[in-house]
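Examination of the molecular architecture
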Amino acid sequence: MTAAKLSKVRNIGIIAHIDAGKTTVTERILFYTGKTHKIGEVHDGEAVMDWMPQEQERGITITSTVTTCPWKNHELHLIDTPGHVDFTIEVERSLRVLDGAVVVFCAVGGVEPQSETVWHQADRYGVPKIAFINKMDRAGADYFGTIETMKKRFPSIPVPIQIPLYEDDVFRGIIDLIRQKCIIWDDEAFGTTFRYLDIRPEQREESDKYREEMIERLAEVNDDLAEKYLEGNDISETEIMKALREATLSLKVVPVLCGSALRNKGVQSLLDAIVDFLPSPEEAPAVSGINPLGGKVEKRENSPRAPLSALAFKVMSDEGRRITYIRLYSGRLSAGDEVYNATRGKKERVARLMKMHANKRERVDSAVAGDIVVAAGLKETSTGDTLCDEKHPILLEAIDFYEPVISRAIEPKTSDDQPKLTLALEKLSAEDPTLSVKYDEETGQTVISGMGELHLEIVVDRLVREFNTNVNVGKPRVMYRETIEKEVEIEEIFDKKLGDKKHFGHVVIRLKPAPRGGGIIIENKLDPETVPPQYHDIIEESIRNATMSGPLSGYPVVDVVISLVGGSYREGESSELGYQVAASTAFQNGLMQATPLLLEPIMMVNILTPTDFMGDVIGSINSKEGEVVDVSQKGPIAEIRAKVPLKHLFGYSTDLRSLTQGRATFSMQFLRYDKQS
């Protein structure tokens with residue numbers, strides 16, 4: 001790929017709350033770009049990007065899928081991501097490797113909880129965004145109300161560049177505020193044809209008002225535009241486009257568009273906006289990482305001419321073979337090349353390279369900076385690993401993973417199923433970093449832990465269908481954490497002869513509670529004269545290992561500040577083993593003296609219910625030891641946000657349906673660990 005072509009590439013993710021219409025938008029993009037010749041509908045189980053049987057049956061996206069499609073001489077690399085909170089790792093690792101994002105909102109639901117989550121995930125990785133407010137044809141659609149909520153909840157300034165066009169309360173198209181034209185789509189041709197029309201006199205006042213507001217917002221972040229605006233000069237379409245692109249790439253504003261993907265309206269305008277306002281790989285900031293040889297931070301130019309640097313962001317089993325999704329940031333990669341895994345310090349050979357279209361593969365000979373490809377043959381590479389040129393090593397920022405909050409015991413039905421279960425769980429946990437598999441020696445059970453009930457339900461379903469493994473599954477179990485309530489100082493001496501060698505270790509540590517969400521903080525205050533520096537890392541590592549199991553129920557320990565404050569050394573007797581045992585014993589004894597307690601996962605629950613049932617729903621939240629945080633009304637629908645312990649939410653969808661005659665919906669996401677109520 002030449003530098004000129006690199007400027008024509010867009011690496012884009014489609015992100016949203018569940019049921020905002022994200023996959024429907026993606027399916028229309030595939031159709032209008034000519035990638036597919038038939039529109040796949042989610043509700044029919046025929047969406048191209050939802051290829052897993054579990055996705056087709058449930059009508060939701062479970063795994064992120066990659067495809068490439070053309071638009072106006074540009075190449076769009078597109079990732080469709082899940083909207084359900086249980087699969088948020090798919091969004092996290094996709095945003096880590098993307099240059100831009102389209103955030104889809106439901107015009108009726110507005111800014112929903114997972115919308116906020118994915119928006120903040122994009123902000124964390126510095127990903128420029130476009131907002132597409134979908135479902136404008138639905139009763140109760142509120143374009144400007146959604147934008148007002150965006151202003152309250154997000155730091156970026158939402159700038160509408162379109163407003164909806166209604167005729168007799170029917171959504172017909174949009175008014176383009178930049179070009180000052182109406183766009184009307186042809187219903188008979190599945191939206192493939194559309195017309196640009198002059199704005200009617202009765203619509204001119206409203207369009208002029210919002211165009212003026214658009215220019216004002218841009219003038220606030222662009223000095224050149226501000227000068228022309230204040231002088232009262234006309235501002236051209238080209239000047240608006242240039243200012244809007246600059247402000248979008250610098251994360252100051254987010255262009256807002258609207259449409260109805262299901263009714264085939266607004267998608268071509270969205271494609272134009274992707275090309276016009278989102279960055280090419282060469283416009284994205286140069287990727288930075290740490291040179292493992294010297295520990296210094298280095299930057300890599302987004303160019304095929306620079307040394308290879310790439311991030312493995314997803315691992316999957318495809319027809320029994322392990323394949324790895326890779327984003328190339330710099331350099332070139334060809335089938336048959338040997339690459340260096342800087343994360344693991346190992347060399348691997350790329351057997352084949354492929355471009356993916358959902359679950360279909362297209363073999364390619366090579367890939368260059370800016371490409372998203374799939375490699376076969378990488379046996380050791382896992383999610384978050386850096387692949388590079390061994391002569392120019394670099395370690396890119398890894399991907400943050402989430403802690404599991406729910407677990408289930410699982411066991412094979414027959415002895416023949418045991419080896420199949422072990423192998424299947426190995427493959428599934430390699431694919432999904434949020435799936436934890438642990439063998440409980442006391443009960444003889446295998447315990448799988450994940451992000452929610454649906455997450456584990458899908459895992460079990462895949463065990464049966466894909467791996468032909470028959471299993472018995474226990475009831476869901478909450479994953480607790482342990483912490484302490486008071487500060488203590490503890491001393492421990494290990495002094496024993498094991499075999500022919502004397503082992504001595506002496507440490508003094510101080511434990512004190514950390515704020516909720518503080519994690520484990522280890523402060524090294526050891527005097528090198530008292531405890532030699534070569535033992536400091538051993539002591540820290542031993543304590544970190546000890547935090548994996550608390551004294552109450554064996555759950556991981558969190559929110560503790562551990563200070564290493566003292567100890568002693570004996571010439572010829574002090575050993576690594578001595579300090580390891582002393583440190584871990586001191587920590588465990590200290591926990592018992594510091595008043596240990598259990599922390600339970602608290603979820604933020606978002607409920608949409610008809611206002612007639614609002615009192616009953618709030619009553620049900622109170623009965624589950626929940627705390628209502630906010631209640632807002634959107635016409636006949638009330639939105640209730642509440643904090644509720646996870647232990648009370650198993651089967652809540654059934655309870656909610658019975659309370660509201662099946663008319664309410666809810667979603668939840670992990671908030672924090674806190675004291676048991």
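Whatever comes next refers back to the structure up there.
Read on for an overview of the structure. (Residues numbered from 1 in each chain as written. Predicted model: local features only at pLDDT ≥ 70, side-chain atom pairs only at ≥ 80, totals over all residues. Heavy atoms only, no water.)

1. Some thoughts on the overall build of the protein chain
Helix and strand counts for the protein chain stand at 16 helices and 38 strands. What you see for the protein chain is a C-alpha radius of gyration of 28 Å, in line with the 26 Å of a compact globule of 677 residues. Along the first, second and third principal axes, the C-alpha atoms of the protein chain reach 95 × 65 × 60 Å. Buried positions account for 55% of the 677 residues belonging to the protein chain. Restricting the contact set of the protein chain to residue pairs at least 6 apart, pairs at least 24 apart contribute 71%. As displayed, the protein chain has an accessible area near 29100 Å², and 47% of this comes from carbon and sulfur atoms. (Helix = DSSP H or I, 4+ residues; strand = E, 2+ residues; numbered from the N terminus. Rg over C-alpha atoms; globule rule 2.2 N^0.38 Å. Buried < 20%, exposed > 50% of the residue type's maximum accessible area, 1.4 Å probe, protein only. Contact = heavy atoms within 4.5 Å. Areas by Shrake-Rupley, 256 points an atom, 1.4 Å probe, with all protein chains shown as cover.)

2. A closer look at the environment of R321
Its location among the elements puts R321 in strand β15 (residues 321–330). When its relative accessible area of 55% is taken as the criterion, R321 is described as exposed. Taking the C-alpha atoms as reference points, R321 and A101, 220 residues apart in sequence, are found 30 Å from one another. When residues no more than four places from it in sequence are discounted, the contact partners of R321 are M316 and R352.

3. Points about the sheet that holds strand β3 (residues 74–80)
In spatial order, the strands read β2-β3-β1-β4-β5-β11-β6; together these 7 strands make up an open sheet with mixed pairing. Bordering the open sheet on either side are β2 (65–71) and β6 (157–160), each of which pairs with just one other strand. This sheet shows a mean twist of 30 degrees between the axes of neighbouring strands, independent of strand direction. Inspection of the sheet shows β6 paired to strand β11 (residues 253–258) by 4 bridges, in the parallel sense. When the bridges of β11 are listed, P160 appears paired with V256. Helix α9 (residues 237–249) rests against β1 (9–16), β5 (129–134) and β11 of the sheet, and its axis sits at about 115 degrees to β11. (Pairing = 2+ DSSP bridges. Axes fitted to C-alpha atoms, helices over the stretch in contact; angles between N-to-C directions.)

4. Focus on the packing of helix α7 (residues 201–221) against α9
Packing of α7 against α9 leaves a shortest axis separation of 10 Å and a crossing angle of 55 degrees. It follows that α7 is oblique to α9 by the angle criterion. Here α7 runs over α9; the crossing is left-handed. Residue-level inspection shows R211, M214, I215, L218 and V221 of α7 in contact with α9, the latter providing I240, A243, L244 and A247. The class makeup of the residues in the contact of α7 with α9 is 8 nonpolar, no polar and 1 charged. (Parallel < 35°, antiparallel > 145°, perpendicular 65-115°, else oblique. Left-handed = near helix turned anticlockwise from the far one by under 90°. Nonpolar A, V, L, I, M, F, W, Y, C, P; charged D, E, K, R; others polar.)

5. A short note on helix α14 (residues 576–593)
Taking 1.5 Å per residue, 18 residues should reach 26 Å; α14 reaches 26 Å between its end C-alpha atoms and fits that length. Burial in α14 covers these residues: G578, Y579, A582, A583, A586, F587, G590 and L591. Structurally, α14 contributes buried residues whose contacts are with β30 (481–484), β31 (488–498), β32 (501–513), α13 (536–546), β34 (560–568) and β35 (596–610). Remark: T595 follows α14 within two positions and exhibits a positive phi of approximately 55 degrees. (Expected span 1.5 Å × (residues − 1).)

6. A few points about the environment of I493
Note that I493 resides in strand β31. Along the chain, I493 and G578 lie 85 residues apart, while their C-alpha atoms are 8.4 Å from each other.

7. Some points on a negative patch on the surface
Together, D223, D224, E227 and E231 make up a region of like negative charge exposed at the surface. Summarising the element assignment, D224 is placed in helix α8 (residues 223–230). (Patch = residues over 30% accessible without salt bridge, like charges linked within 9 Å, V, L, I, M, F, W, Y side chains within 5 Å. Salt bridge = Lys/Arg side-chain N within 4 Å of Asp/Glu carboxyl O. Lys, Arg positive; Asp, Glu negative; His and termini not counted. Charge placed at Lys NZ, Arg CZ, Asp CG, Glu CD.)

8. Notes on the sheet that holds strand β13 (residues 297–300)
By way of backbone hydrogen bonds, the strands of a sheet pair with one another, either parallel or antiparallel. Taken in spatial order, the 3 strands of this open sheet run β13-β12-β24, and their pairing is antiparallel. Only two strands of the sheet have a single neighbouring strand rather than two, namely β13 and β24 (395–396). Taken together, the 2 bridges between strand β12 (residues 287–290) and β24 define a ladder with antiparallel strand orientation. Bridge assignment links G289 to a residue of β24, and that residue is L396.

9. A few points about the nonpolar core
Judged by nonpolar contacts, the single largest core of 98 residues is most densely connected at V102, F105 and M214. Dropping the residues within four chain positions of it, V102 is found in contact with I12, G13, I14, I15, I130, F132, L270, I274 and L278. By size, the runner-up hydrophobic cluster in this structure holds 39 residues, among which are L428, I448, A642 and Y673. (Core = buried A, V, L, I, M, F, W, Y, C linked by side-chain atoms within 4.5 Å.)

10. Regarding the side chain of T660
The topology assignment puts T660 in the loop between α16 (652–659) and β38 (665–675). For T660, a relative accessible area of 0% puts it in the buried group. Engagement of the side chain of T660 in a polar contact is seen with the backbone oxygen of L656, the distance being 2.8 Å. Look past the residues within four positions of T660 in its chain and what remains in contact with it is T609, F613 and V617. (Polar contact = N/O pair within 3.5 Å; in protein donor to acceptor, adjacent residues only side chain to side chain.)

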